[in-house]
Amino acid sequence: MRERYEPGEFEGVWRSRWADADLFLTHEVEGRPKFYGLDFFPYPSGAGLSVGHCRNYVPTDVICRMKRMQGFNVLHPMGFDAFGLPAENEAIKRQRPPGEMIDDYADNYRRQMDLIGVSYDWSRSFKSSDPSYYRWTQWIFKLLHERGLAERRQAEVNWCPKDKTALANEEVVGGLCERCGTPVEKRSIPQWFFRITEYAEQLLEGLDRIDWPEGIKQMQRNWIGKSEGAQFRMDVVLPEPPSLEAAEARLAQRLPGMAEQMKQARALLASAEATLQAANEESEDWETPLEEVRKVKAVFSLVEPQLAALAADPDPDALMNQSQSLQAIHDSLEDQLEAIREQIRGIDADDPSDKSRQQGLIRQLEQAEEIFDDIEDAFEDFLDLAVLHRANDGMEIGRQELSFEAFTTRIDTIYGVTFCVLAPEHPLVEKIISVSPLSERRRIRQYLKKAKSLTDEDRAAEGREKTGVRTLAHAINPATGQRIPLFIADYVMMGYGTGAIMAVPAHDERDFEFAFVHGLPVLPIISPEKPGKQAMPSGFTLPSSAKEGWLINSGSFSGLTIAEAQEKLIEWLEEEGIGEKKVNYRLRDWLISRQRYWGCPIPVIYDKEGHPELAPDDLLPVELPPVESYEPSDDGSSPLSRIPDFVNVTTADGSLGRRETDTLGGFACSSWYFLRFCDPHNDEAAWSPESLAKWMPVDCYVGGAEHAVMHLLYARFWTKVLFDAGLCPVDEPFQTLRNQGQVLAKTPYRAPREGETLDVGDTGILVSFAEAEGMDEKDLDWRWVRMSKSKGNVVTPDEAVEAYGADALRLFELFVAPFDQNVQWSNEGMQGTSRFLTRVFKLCAELAPFWQPNWRAQIDQVEPTNRAPAIRRATHKAILKATDDIEKFAFNTYVSTLMIAVNELNELTKGNAECDDSERLAFSEAMESLILLLSPAAPHSADELWAQLDGAGFTLNCAWPVGQARLAAADVVQIAVQVNGKLRGSLEAAADASEEAVLAAAAAVEKVVPYLEGKEVVKRVYVPGRLVNFVVR
RNA sequence: GCCGGGAUGGCGGAAUGGUAGACGCGGCGGUCUCAAACACCGUUGAGCUUAAACUCAUGCGGGUUCGAGUCCCGCUCCCGGCACCA
């Protein structure tokens, strides 16, 4: 009989026995309850698993194993999230085809998962990159499209210049690409979106019905960002435009001079060309600038006649048609000239004559550029005029021809609106520009350009002064009829609400800041006190965003509370027909197309006109073709677009079509895998209705908190759509969700040395463990950071199993800290759990001689004597507590319960070599229960112990012990005795002793007596089984 | 700034409003051993002590209660998330 935990001797043996017996295959026995236990779909990284990952998989395994022993049909699958950017980037780095690479990585994951004995049913496994899987991803895409939830539209998207793809909002963190940390840029390209915003309300509402960590639910609520308020129309009074006559006169003045300028420019270019040509004969260095100057000259000679024609006949229509393109050409000529100057400067000119030639050329080119600049300016003038012609057509300037919609959650403050603000991207901005005088236009354009050049992050940077420009247009406050100035400012975002706000500086901090900078009036509307005789209470500070108070300065609404005013004002807006109650969400549509190779192809074909058509079902899957080069390109097109065989297809009507070459982002693939696990081999359908009816929803979903908004929101969305389509029996996929804490490793850092710089936000430089070895401890800064390959601080399960054994590792993962807390990893901790397992083996070896295989039939027939009641008490206490703890995710106390049981049984075993019949039976029950309770956490050891008792089969197939409260209850209890709430003594009493008896005994406890002497006992508190408290005075 | 979660010995942590510190790590002392490792036994919050007894202890300040780590009010600090969302 084994007396120690010797993992090397038996763990591997059991793992192969389990495999040979197909022990982990999903059982579906009619009439039993089901349990679906699932871990987050992992991306199999090349680094393999660390003990950090195991903290996810082991607890889920414990629950699934217990549920199975309790007689549930258990579904416990595992697969791999193979598609997506991380895999593709890794493949490019390793120069390997991604499919092949990911297969290797997944195999390694599986090997490691098996190594720690996780009971996955591998027969149900798949990768999201399997055509047999993504065929159905495409099928769901089609379903979404049919239901109007997938659409292609031009959009300004977050573009990662390093990964060369568009990203979803959720993948941008603080203005940086979540994957690679590169600052994202804005790009406008046609993209596929899933209209998740249609489900905003349902996604919000469903959160109330599921058992998830409060923090995650709150994050989703914030992400959806519901706010209720009012939306209403604000009329705009436009500025008087400059008169047409004046503009025409200016133009007429300018055109003749322009011809002269052109001549000068031509001469300058010719002279530069001549100089360069001469220089070129002496040295090749001058060749590039020469060629460039020739190009500029050629373009210029094309433009000149057009300009001459315009000058001769300044017809407004012609201006409109040509000025814009001419302006653009001049713009680019300027850029080119600047580039040439740079080239010339770059030439090494040792020779003094070369040097003067260089300087002369530069001067000439500068002059030419100035002329172009001037001409471009004039064209801008043309353009202005042309646009004015158009804008004024059919519009009465100065009247309320234009309006915008404003959204507010504080309609009660409408009387305090002292200005309005449009986002720089607001459509009305262009209209305002078009009717503004030139100088105004310049100012506004300049501001728009500056605003656009800012990244979202800079735009929202903390402490940044609020910038903006005033326009000559005014908005009209519908409540007061007053004209108020209209601004354009980048603190208003186009993406939220209507992109236009009513600004109330008295009651909004941002509006206040802006008003402060721009010297705008601040009018208080809310008083914290109920207004009395005084019209205007003094002494409150601005801005106040109080949610409680009374209205002042608000016409007939003065005196109402905020809540009353909101209600009344919305009624008023509706009566006037200018506005209504409105709910807004922060949630944006889900950008799903990626201009990358390694993803699920979007099953769409464009016809000749470019209209998207869905690939018919029988052509699914649209398979990802093998390619030589899958590196992304800069132009925003997927590598697939370079494969003619893939791109060119025949459409339904036989004509030639073009395939969509973008692929779906990885989050699409992981939005339904939990459904496929219910019926993974179905090639007729994504799943059968019966299979989902049988298994859904997932009863226990476990993974890291980092997926709080992305995967978990998307998966809920798809499930809800499928539910609405009648294809899924539940609308919430994950009934219970739990997040495990992270595993941190102690990692060496040091202060930067002279000349070294730190990245923003960093406070130290990472040191390798080898390097740290040789360093002085005082120079080192040890920090607890997340395990990752790049930090070199990873402990792998392979090492841990090798050194301590799989069961010791599993127990430590459970025991080290509460499940949802971060832990500071130390290998020494496994020493403790390994020692515990040795104590279990030793205990069982000692008790084995008393083993009665058929104890169950006899134990209740025999009167318990001697130690038997204590043994049974220890056993049943452990059963009850362990079962409850696992159910509650309290794995650390589940393990400590087992330790306590072992300690107690050890104590009871000590010094008593002989056992009577009832003790034998009690010990048998204890031993069997202990082994079975241990089985979910330490399955190898449990099976080894079970086999040593000649138990048949595997512990996983045994029934989970059932605890009896009656047997767990102590017959003698310790009662604490307090006087005035202070502990003064204790006594032992029979559990069923009467209150009077206990009180009497308590008063007689030796240590208690002095505290009662001479005092009057005013109250006696008795808590059965726990304590007595005498209140005296 | 807003939202969420925390703070208990040297360390990880335990504790339905009822004997704070279970269980484990580490430390100390011991047994076994030629020795080490393993294992086992004992001990281990602080203060004051020969000891007993007593006092103090769950981030800080109040409150409710016979009794508060736990409930309420007001702070401090730490972690996570969001962040010009009108």
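Residues numbered from 1 in each chain as written. Chains lettered and ligands numbered in written order. Predicted model: local features only at pLDDT ≥ 70, side-chain atom pairs only at ≥ 80, totals over all residues. Heavy atoms only, no water.

## Concerning the pattern of salt bridges
Side-chain pairing between opposite charges can occur once the charged atoms of the two side chains come close. Let me state the cut-off plainly: The working definition used for a salt bridge is a side-chain nitrogen of Lys or Arg within 4 Å of a carboxyl oxygen of Asp or Glu. Relative accessible area decides the class of each residue, using a 1.4 Å probe on protein chains only: under 20% of the type maximum gives buried, over 50% gives exposed, and in between gives partly exposed. Helix and strand assignments follow DSSP, with helices taken as H or I runs no shorter than four residues and strands as E runs no shorter than two, numbered in order from the N terminus.
Per the counting criterion, the structure on display carries 53 salt bridges. Between R195 and E198 there is a salt bridge whose closest N-O contact spans 2.9 Å. Residue class for E198 comes out partly exposed when judged on its relative accessible area of 46%. Here E1016 makes a salt bridge to R1033, at a shortest N to O gap of 3.8 Å. Here E1016, found in the loop between α33 (1009-1012) and β33 (1017-1023), pairs with R1033, found in the segment after β34 (1027-1032); they are 17 residues apart in sequence, far enough to count as distant. For E1016, a relative accessible area of 46% puts it in the partly exposed group. Each of E205, R209, R716, K720, D731 and E732 takes part in a single network of salt bridges with overlapping partners.

## A look at the protein's contact with RNA strand B
Heads up, the rule is: Working definition: residue near molecule or strand if any one of its non-hydrogen atoms lies within 4 Å of it. Pairs of N or O atoms within 3.5 Å make up the polar contacts considered here, provided that, within protein, one atom can donate a hydrogen while the other can accept it, and that residues adjacent in sequence are counted only when both atoms are side-chain atoms.
Looking at RNA strand B, there are 51 residues lining it, with R4, T409, R459, K466 and R510 nearest. Within the side chain of R586, one N or O atom sits 3.2 Å away from a sugar or linking oxygen of RNA strand B. The contact in question runs from a phosphate oxygen of RNA strand B to an N or O atom on the side chain of R1026, over 3.2 Å. Going through the elements one at a time, α7 (214-224), β9 (402-408), α25 (829-847), α28 (891-909), β31 (972-979), β32 (982-990), β33 and β34 are the ones with two or more residues in the surface near RNA strand B. Looking at the surface near RNA strand B element by element, the count peaks at 6 residues for α28.

## Considering the nonpolar core
How we decide: What makes a nonpolar core is a set of buried Ala, Val, Leu, Ile, Met, Phe, Trp, Tyr and Cys residues whose side-chain atoms join them at distances within 4.5 Å. Two residues qualify as a contact provided that any one of their heavy atoms is within 4.5 Å of a heavy atom in the partner residue.
Within the largest apolar cluster, 97 residues are counted, with the highest numbers of intra-cluster contacts made by M113, W825, F836, F891 and Y894. In terms of residue count, the dominant contributor to this core is helix α29 (residues 917-934) (10 residues). Contact partners of M113, with chain neighbours within four places excluded, come to P42, L49, Y57, M78, F80, V118, Y120 and W122. Judged by nonpolar contacts, the second largest core, of 86 residues, contains F126, L149, L640 and F667.

## Here's the deal with a negative patch on the surface
Under the convention used in this document: Residues with no salt bridge and a relative accessible area higher than 30% make up the patches, which join like charges within 9 Å and nonpolar side chains (Val, Leu, Ile, Met, Phe, Trp, Tyr) within 5 Å. Only the protein chains shown count as cover for residues, and all accessible areas are computed by the Shrake-Rupley method using a 1.4 Å probe. Note that His is not counted, nor are the chain ends; the positive residues are Lys and Arg, and the negative ones are Asp and Glu. Positions of charges follow a simple convention, taking NZ of Lys, CZ of Arg, CG of Asp or CD of Glu.
The grouping of E405, E564, E567, E571, E574, E575, E576 and E580 at the surface amounts to a negative patch. With 6 residues, the top contributor of residues to the negative patch is helix α16 (residues 562-576). Looking at the secondary structure, you find E576 in helix α16.

## Brief notes about the packing of α7 against helix α21 (residues 711-724)
Rule in force here: An axis is simply a line fitted to the C-alpha atoms; with a helix, the fit covers only the stretch in contact. Between two such axes, the angle follows the N-to-C directions and lies from 0 to 180 degrees. Every angle not falling under 35 degrees, over 145, or within 65 to 115 is termed oblique; those three ranges are roughly parallel, roughly antiparallel and roughly perpendicular. For this classification, the nonpolar set comprises Ala, Val, Leu, Ile, Met, Phe, Trp, Tyr, Cys and Pro, the charged set comprises Asp, Glu, Lys and Arg, and every other residue, Gly included, is treated as polar.
Orientation of α7 relative to α21, taken along the N-to-C sense of each, is 75°, at an axis distance of 11 Å. By the criterion of interaxial angle, the relationship of α7 to α21 is roughly perpendicular. Within the contact between the two elements, α7 uses I216, Q220, W223 and I224 and α21 uses L712, L713 and R716. Partitioning the contact of α7 with α21 into residue classes produces 5 nonpolar, 1 polar and 1 charged.

## Digging into the state of the cysteines
How we decide: Two cysteine sulfur atoms make up a disulfide if the distance between them is within 2.5 Å.
The final tally for this structure, using the stated rule, is 0 disulfides. Here C54 is not disulfide-linked; the sulfur of C64 is the nearest cysteine sulfur, at 16 Å.

## A few points about the packing of aromatic side chains
The condition is simple: Two aromatic rings, drawn from Phe, Tyr or Trp (for Trp, its six-membered ring), form a pair once their centres lie within 6.5 Å of each other, and the interplanar angle then sorts them: stacked below 30 degrees, edge-to-face above 60, tilted otherwise. By the criterion adopted, a ring carries a charge over it if an Arg CZ or a Lys NZ lies within 6 Å of its centre and within 35 degrees of its normal.
Using the criterion set out here, one finds 48 aromatic pairs in the structure. Summarising the aromatic geometry, the rings of Y133 and W672 are spaced 4.4 Å apart at their centres and angled 5° between planes, so their arrangement reads as stacked. One end of the pair, Y133, is in helix α5 (residues 131-146); the other, W672, is in the loop between α18 (666-669) and α19 (673-676), and 539 residues separate them in sequence. W672 matches Y133 in its accessibility class, with the two residues each being buried. A ring pair is formed by F512 and F516, whose centres lie 6.5 Å apart and whose planes are at 25°; its orientation type is stacked. Of the two residues, F512 and F516 both sit in helix α15 (residues 509-518), 4 residues apart, roughly one turn of that helix. The ring of W14 carries the charged tip of R17 above its face, separated from the ring centre by 4.4 Å.

## What to know about the sheet that holds strand β20 (residues 604-606)
Stated formally: Pairs of strands are assigned from DSSP output, requiring at least two bridges between the strands.
Here 4 strands make up an open sheet; going across it, the order is β21-β20-β23-β22 and the pairing antiparallel. With partners counted over all chains shown, the strands left at the sheet margins are β21 (612-614) and β22 (648-650), one partner each. Taken over all neighbouring pairs, the strand axes of this sheet differ in orientation by 45° on average, direction set aside. Bridge count between β22 and strand β23 (residues 656-659): 3 bridges; the pairing is antiparallel. Note that in β23 the partner of V649 across the bridge is G657.

## Brief notes about the sheet that holds strand β19 (residues 600-601)
Taking strand neighbours across the sheet as the criterion, the 3 strands line up as β18-β24-β19 in an open arrangement whose pairing is antiparallel. The sheet is open, and its two edges are formed by β18 (593-594) and β19, each paired on a single side.

## Some points on helix α2 (residues 51-69)
Threshold: Here, expected helix span is obtained from the residue count minus one, scaled by 1.5 Å.
Given a rise of 1.5 Å per residue, 19 residues ought to cover 27 Å, and the 26 Å separating the end C-alpha atoms of α2 matches this to within 8%. Taken across its 19 residues, α2 has 18 buried, putting it largely inside the fold. N-cap assignment for α2: the residue whose side-chain oxygen lies 3.0 Å from the backbone N of G52 is S50. Taken from the residues just after α2, G71 is the one with a positive phi, measuring 95°.

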